[in-house]
Amino acid sequence: MKNVRIWFKKDDACRYISHLDLNRTMLRALHKSKLPIWHTEGFNPHPFATFPLPLSLGFRGVNECMDVKLEDDDFPFEEIITRLNACLPRGIRVFKVTEAVMKAGKVAYASFTVCLSLPGKPSGLVCRQLEELLACEHIEIEKKSKKGRKTVDIKPAVRDFSVTERFDFAELAIILSAGSSDNVNPNLLVAALEQRTGETYEADITRNELYNAEMEPFR
Amino acid sequence: MVSKDVERLLLKVQKPGRYVGGELNEVIKDKKDVAVRFAFCFPDTYEVGMSHLGMKILYSQFNSVPDIWCERVFAPWVDMEEEMRRHGIPLYALESGDPLTAFDFIGFTLQYELSYSNMLNMLRLGGIPITTEARGDELKHIVVAGGPCACNPEPIADFVDLFFIGEGEEVDLEVIELFRQCKREGVGKQAFLRRCADIEGVYVPSLYEVSYHEDGTIARFAPKDGAPAVIHKRLMLDMDKSYYPDNFVVPLVEIVHDRAVQEIFRGCIRGCRFCQAGFLYRPVREKSPETINAQCRALCTNTGYDEVSLSSLSSSDYSQIVPLLEKLTAWSGEEKVSLSLPSLRVDGFTDEIMNKIKTVRKSGLTFAPEAGSQRMRDVINKNVQHDELMQTCATAFAGGWTTVKLYFMIGLPTETMDDVAAIADLGQDVVETFYQTPNRPKGKSPRVTVSASSFVPKPFTPFQWEPQDTIDMLHEKQQHIKNSIRSKKITFNYHDADTSFLEAVFARGDRKLCRVMALACERGFHFDGWNDCFRLENWLALFEECGIDPAFYANRRRSFDEILPWDHIDYGVKKSFFISECRKAYENTTTPHCRLACSHCGAAKYGKGVCFEKRQDLV
């Protein structure tokens, strides 16, 4: 039995499905592919797959991953790519299969590209608004959780960022805390910006890469 | 494929995955290779529509013709509809993202009367005029409809250019072929429709004129321009050769029935007197176990589904059910596919079947005795005995089940308050059966759900002349059951009587209702099948405004010699048979099912199916 990490992109129509739907879609594809994946041994055996870090509905993911257990240790990784892609909707493409080097719990940071625009307003303005927000000592925002609402300061979660002015949008490249304990969703940042300026932005968000606590790319 | 404009709305609405297409097995074609574009519209949400088998069959069949491109359209939920209206985005098909106006055919499947308002609303959202008249004579935007509700097309006759009567697999393609021909000849829509009317199974309502008596009943129904006086249904005679998809579009979001579905036969041998489907799809035509097995396996392979449901009106009536389950279980376990067998009859749940499906999922068991007292079950010809039901429940309890759901109807013809109370008694008897079953699950208590819906008299049934109980009477009966239940182990649910009333109005409506429908569309009515949107008082106000009494349709007893709005349509079962069945109901007399004896309903005229099987007593 070998722990294998399957790397994929999630975009187009599949960008609009939730993590739960992604999970179901993946299980179905694994089932259809007849790859030698370890199945759960309950009453309804199904392929066993876990996701180190779920992706929010609406985000593009260019470096997403899913962990499975391979029953045949010598099974060629290349074939996993071909067979899975033949069983997946167009919006999900597997591009790489590796061994799972780091434990899933090691994820500590994620990098995002956030393209923000205000219809009818110059992108330079949005850039300035972003820079002003991120220059604040505290960025406080109300966060909804299972326990109710609470106000959190997301500034400490911002590891690094840069703002670039593009033709009709502002591009924010940002690294935020991620993982099971201190996850910060870039949507919170957009909400904080909206709270501050009173505007409604159009946001196109891509998650690029995951990192461990030492800022090494997650492998 | 969705446009940038649509993408902007998607993050503002619930479950945006319903509006984007892009699923596995979705069919995308190059427009320059396509001659005929067909928008297959389901007048309900994506989750409901994608669960519908008929749509899957026709979608695949149309798309198997290289130059026909069939795409899917669903009713956007209210939040999305609002966003689309606000931003001026017309209703679009999921595959191409093109608006309804880009299509030659706009086809609706009508599964329930309460979806009529959605049909009109979808046309309006798509920028298509709702009436045949307003759409003009150009040969495009042909609005077609089929499905069980097409058996009484009259309440929506003003809006649909042509109806498909019966099963669609062949007749749809014949109409499309005629369309190509008319397009080549440069013929207008009116002339095209006239020629369509000569195809068997096609009903063009604009070719008929209806006049009424002063009391509102029909005086005369007259064809114009040489159109046929009677429209005969179409049906597939050889189910083994009938088209069946080897592939389904596999949704990205969870839908109502998220599994592979394998049809095993059409029709039903039983002849329950309230059941429209049981008469519309006569005679019973089975697929062979070999065909079913092969189709099932292909479906599972191509979709990746790990669950397959065997579909029919009454699965345990499949004549070779045990050999079929043997064939299927020979590979399903190995391939980790589970089988489910819905629509089991009370008398069809045997040890053998139970053991085959037990390897699957232990969900609750559902049976439909439909009525509480034996007399009432004889009236509706359910042919289920009290002891059979108890035996079945005992079998299930012995097999480890503890949850049983029982479906009933209230408001059936001749029903008394004692018959209604018998529903509660039957629930009680099931609870007691549990405790009398020696090898029941130990340390557990039974859960019996009793569910009562309100009877809606439907066309093409022996009860088509019957009045529906008034809403007040139905409420009284619901209360009576509630008060008659004594055990905490029984949960009682009932369906809202208001929706059943509106369903009864449209089920047996005539063309005078078209005005009400048009007004409902103008006022933005939609999703009447959903409690979120349905308000009976709004409908009652519309009826009043149009000077129409809905009770005329729902609560009036018709005489056997009245011209019914659907009398010009022929589903193979003779009116004289319905009359004799209706009389037998009032005499508490049952009719044997098709395999026991032929009752000469008329469906033998098709020359195939159960009518020509060897009878059990002869074998």
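Residues numbered from 1 in each chain as written. Chains lettered and ligands numbered in written order. Predicted model: local features only at pLDDT ≥ 70, side-chain atom pairs only at ≥ 80, totals over all residues.

**Some thoughts on the overall build of chain B**
The condition is simple: What counts as a helix is a DSSP run of H or I of at least four residues, what counts as a strand is a run of E of at least two, and both are numbered from the N terminus. Computation of the radius of gyration draws on C-alpha atoms alone. For the globule rule, the value is 2.2 Å times the number of residues to the power 0.38. Each residue is classified by how many other C-beta atoms fall within 10 Å of its C-beta atom, where C-beta atoms are placed from the backbone; a count of 20 or more means buried, 12 or fewer means exposed, and values in between mean partly exposed. Whether two residues are in contact depends on their C-beta atoms, placed from the backbone: they are in contact if these lie within 7 Å.
Within chain B, the regular secondary structure consists of 20 helices and 19 strands. Taken against the 2.2 N^0.38 rule, which gives 25 Å for 619 residues, the C-alpha radius of gyration of chain B at 24 Å falls within 12% of a compact globule. The principal-axis extent of the C-alpha atoms belonging to chain B is close to 75 × 65 × 55 Å. Counting across all 619 residues of chain B, residues that qualify as buried make up 48%. Across chain B, the fraction of contacts at a sequence separation of at least 24, relative to all contacts at a separation of at least 6, is 78%.

**Points about the domain arrangement of chain B**
Residues and elements named next belong to chain B. In plain terms, the rule: An automatic or database domain assignment is the source of the domain bounds shown. In this classification, the charged set is Asp, Glu, Lys and Arg, the nonpolar set is Ala, Val, Leu, Ile, Met, Phe, Trp, Tyr, Cys and Pro, and all remaining amino acids, among them Gly, are polar.
By domain assignment, chain B separates into domain 1 (4-232), domain 2 (237-361 + 589-619) and domain 3 (364-495). A C-alpha centroid distance of 25 Å is found between domain 2 and domain 3. Contacts between the two partners involve 18 residues from domain 2 and, on the opposite side, 22 residues from domain 3. Residue assignment for the side of domain 2 that touches domain 3 shows that the elements contributing at least two residues are α8 (276-280) and α11 (351-358). A breakdown of the residues in the side of domain 2 that touches domain 3 according to their chemical character gives 8 nonpolar, 5 polar and 5 charged.

**Description of the confidence of the model for chain A**
Rule in force here: Here pLDDT means the predictor's own confidence in every residue, given as a number from 0 to 100.
Chain-level pLDDT for chain A is 93 on average; 100% of the residues reach the 70-or-more range. The spread of mean pLDDT over the elements of chain A runs between strand β6 (residues 140-145) of chain A, the lowest at 82, and strand β4 (residues 92-99) of chain A, the highest at 97.

**Some remarks on helix α2 (residues 77-87) of chain A**
Residue and element names in this part refer to chain A. The following threshold applies: Within this analysis, the arc is defined by the directions that extend from the helix axis to the C-beta atoms.
If you check which residues of α2 are buried, you get Ile-80, Leu-84 and Cys-87. Looking straight down α2, one finds its buried side chains confined to an arc of 55°; they lie on one side. In α2, the exposed positions that point more than 90 degrees away from the buried face belong to Glu-78, Glu-79, Thr-82 and Ala-86. The inward-facing, buried residues of α2 contact β1 (2-10), α1 (19-33) and β4.

**Points about the packing of helix α9 (residues 289-303) of chain B against helix α10 (residues 321-332) of chain B**
Residues and elements named next belong to chain B. What counts, and what does not: Fitting a line to C-alpha atoms yields each axis, with helices limited to the stretch in contact; the angle taken between N-to-C directions then spans 0 to 180 degrees. When an angle is under 35 degrees it counts as roughly parallel; over 145 it counts as roughly antiparallel; between 65 and 115 it counts as roughly perpendicular; any other value is oblique. By definition, any crossing whose near helix is turned counterclockwise from its far helix by less than a right angle is left-handed, and any crossing with a clockwise turn is right-handed.
Interhelical geometry of α9 versus α10 gives an angle of 30° and a closest axis separation of 9 Å. With respect to α10, the axis of α9 lies roughly parallel. For the pair α9 and α10, the sense of crossing is right-handed. Contact residues: Pro-289, Ile-292, Asn-293, Cys-296 and Arg-297 in α9; Pro-323, Leu-324, Lys-327, Leu-328 and Trp-331 in α10.

**Side note on the pairing of strand β9 (residues 170-177) of chain A**
In summary, the side chains of a regular strand alternate between the two faces of the sheet. Residue and element names in this part refer to chain A. Formally: For two strands to be treated as a pair, DSSP must find no fewer than two bridges joining them.
The sheet contact formed by strand β5 (residues 109-117) and β9 spans 8 bridges and is antiparallel. Among the inter-strand pairings, Tyr-109 is bridged to a residue of β9, identified as Ser-177. Where strand β8 (residues 158-165) and β9 come together, 7 bridges link them in antiparallel fashion. The residue bridging Thr-164 from the neighbouring strand is Glu-171, located in β9. Where β8 folds back on β9, the antiparallel hairpin that results is connected by 4 residues.

**As for the domain arrangement of chain A**
All names here are of chain A. Annotation of chain A at the domain level lists domain 1 (2-101) and domain 2 (106-211). Placing the centre of domain 1 and that of domain 2 at their C-alpha centroids yields a distance of 28 Å. Facing 9 residues of domain 1, the contacting portion of domain 2 comprises 12 residues. Looking at the side of domain 1 that touches domain 2 residue by residue, the classes come out as 5 nonpolar, 3 polar and 1 charged.

**Overview of the sheet that holds strand β3 (residues 105-109) of chain B**
All names here are of chain B. The 6 strands lie next to each other as β2-β1-β3-β4-β5-β6, forming an open sheet whose pairing is mixed. Each end of this open sheet is capped by a strand with a single partner; those strands are β2 (68-74) and β6 (202-203). The pairing of strand β5 (residues 162-164) with β6 spans 2 bridges and is classified as antiparallel. Its bridge partner being in β6, Phe-164 is matched across the sheet by Val-202. Most of the contacts of helix α3 (residues 53-63) go to β2, to which it runs at about 150°, and overall it touches β1 (36-42), β2 and β3. Lying on the sheet, helix α6 (residues 171-185) is in contact with β1, β2, β5 and β6; it crosses β1 at an angle near 140°.

**Thoughts on unusual backbone geometry**
All names here are of chain B. In this structure, Pro-283 follows Arg-282 across a cis peptide bond, with omega equal to -5°. Summarising the element assignment, Pro-283 is placed in the loop between α8 and β12 (285-286). The phi torsion at Glu-370 lies on the positive side, around 70°, for a residue other than glycine. Along the chain, Glu-370 turns up in strand β15 (residues 365-370). We note that His-600 has phi near 60°; this positive angle belongs to a residue other than glycine. Residue position: His-600 is located in the segment after α20 (575-586).

**Re the interface of chain B and chain A**
Listed per partner, the contact involves 21 residues of chain B and 23 residues of chain A. When the residues that make up the side of chain B that touches chain A are grouped by side-chain class, the tally is 9 nonpolar, 6 polar and 6 charged.

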